[in-house]
Amino acid sequence: MAFLRSCSNASSGMGVADDCKHIFLELQRKKTHRYVVFKIDEKRKEVIVEKIGGATESYDDFMASLPENDCRYAIYDFDFVTEENCQKSKIFFIAWSPSVSRIRAKMLYAASKDRFRRELDGVHYELQATDPSELDLEILRERAH
């Protein structure tokens, strides 16, 4: 099955490691993770899980897990309380592409983003950021409400 999957992805950029979708579903349904950071493994030609943030980790922990000078994809499960005092959760897909990262990395991540994003069914919002200020917690809060 993995072989067939890899072949079908060959024409559309990077493949996606099997555990990426499985871990996303754990975050989405079981709430066992706060965030997941993904990276492109150029040797394997696929997106892989780089780091998983536990359910108790903070947004600061998430931001610290993004490299200052390299691109990544990330999923963040944002919990908040509505004006009606209801506990809610929204899942954000984040394309992190710092302005100081290599041109090749930016192109690779940009070309593979849509293919990878389609694998993650259930994401509510998508953000693209080149600087930490573009991922301020207030921005997520505004989008989620």
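As recorded in an unreviewed UniProt entry, the protein goes by the name Actin-depolymerizing factor, listed as coming from Musa troglodytarum. Annotation of the protein in UniProt includes, under Sequence similarities (unreviewed entry), the sentence "Belongs to the actin-binding proteins ADF family."

A. Spatial organisation of the pairing of strand E2 (residues 33-41). Of all nine residues in E2, eight are buried, a share of seventy percent or more. Direction of pairing for E2 relative to strand E3 (residues 46-54): antiparallel, over a ladder of eight bridges. By the bridge assignment for E3, isoleucine 40 is matched with valine 47. Connecting the antiparallel pair E2 and E3 is a turn made up of four residues, with lysine 45 showing a positive phi of about 55°. Pairing between E2 and strand E4 (residues 72-81): four bridges, direction antiparallel. Across the sheet, the residue bridging to valine 36 is isoleucine 75, located in E4.

B. Here's a closer look at the environment of cysteine 71. Examined against the element boundaries, cysteine 71 turns out to sit in the loop between helix H3 (59-65) and E4. Through-space distance from the C-alpha of cysteine 71 to that of valine 123 is 20 Å; in sequence the pair is 52 residues apart. If sequence neighbours within four positions are ignored, cysteine 71 has contacts with Trp96, Ser97, Pro98, Ser101, Ala105, Lys106 and Tyr109.

C. Looking closely at the sheet that holds strand E6 (residues 125-129). Spatial strand order, E1-E3-E2-E4-E5-E6: six strands in an open sheet with mixed pairing. In this open sheet, the two edge strands, each paired with only one partner strand, are strand E1 (15-16) and E6. With five bridges joining them, strand E5 (residues 87-96) and E6 adopt parallel strand pairing. Among the inter-strand pairings, phenylalanine 93 is bridged to a residue of E6, identified as glutamate 126. Against the sheet, helix H2 (residues 18-30) touches E1, E2, E3, E4 and E5, its axis set at about 165° to E2. Those strands touched by helix H4 (residues 103-119) are E1, E2, E3, E4, E5 and E6, and its axis lies near 50° from that of E4.

Cut-offs and rules
Residues numbered from 1 in each chain as written. Predicted model: local features only at pLDDT ≥ 70, side-chain atom pairs only at ≥ 80, totals over all residues. Heavy atoms only, no water. UniProt positions renumbered as here; feature names shortened; annotations may be inferred. Buried < 20%, exposed > 50% of the residue type's maximum accessible area, 1.4 Å probe, protein only. Helix = DSSP H or I, 4+ residues; strand = E, 2+ residues; numbered from the N terminus. Pairing = 2+ DSSP bridges. Contact = heavy atoms within 4.5 Å. Axes fitted to C-alpha atoms, helices over the stretch in contact; angles between N-to-C directions.

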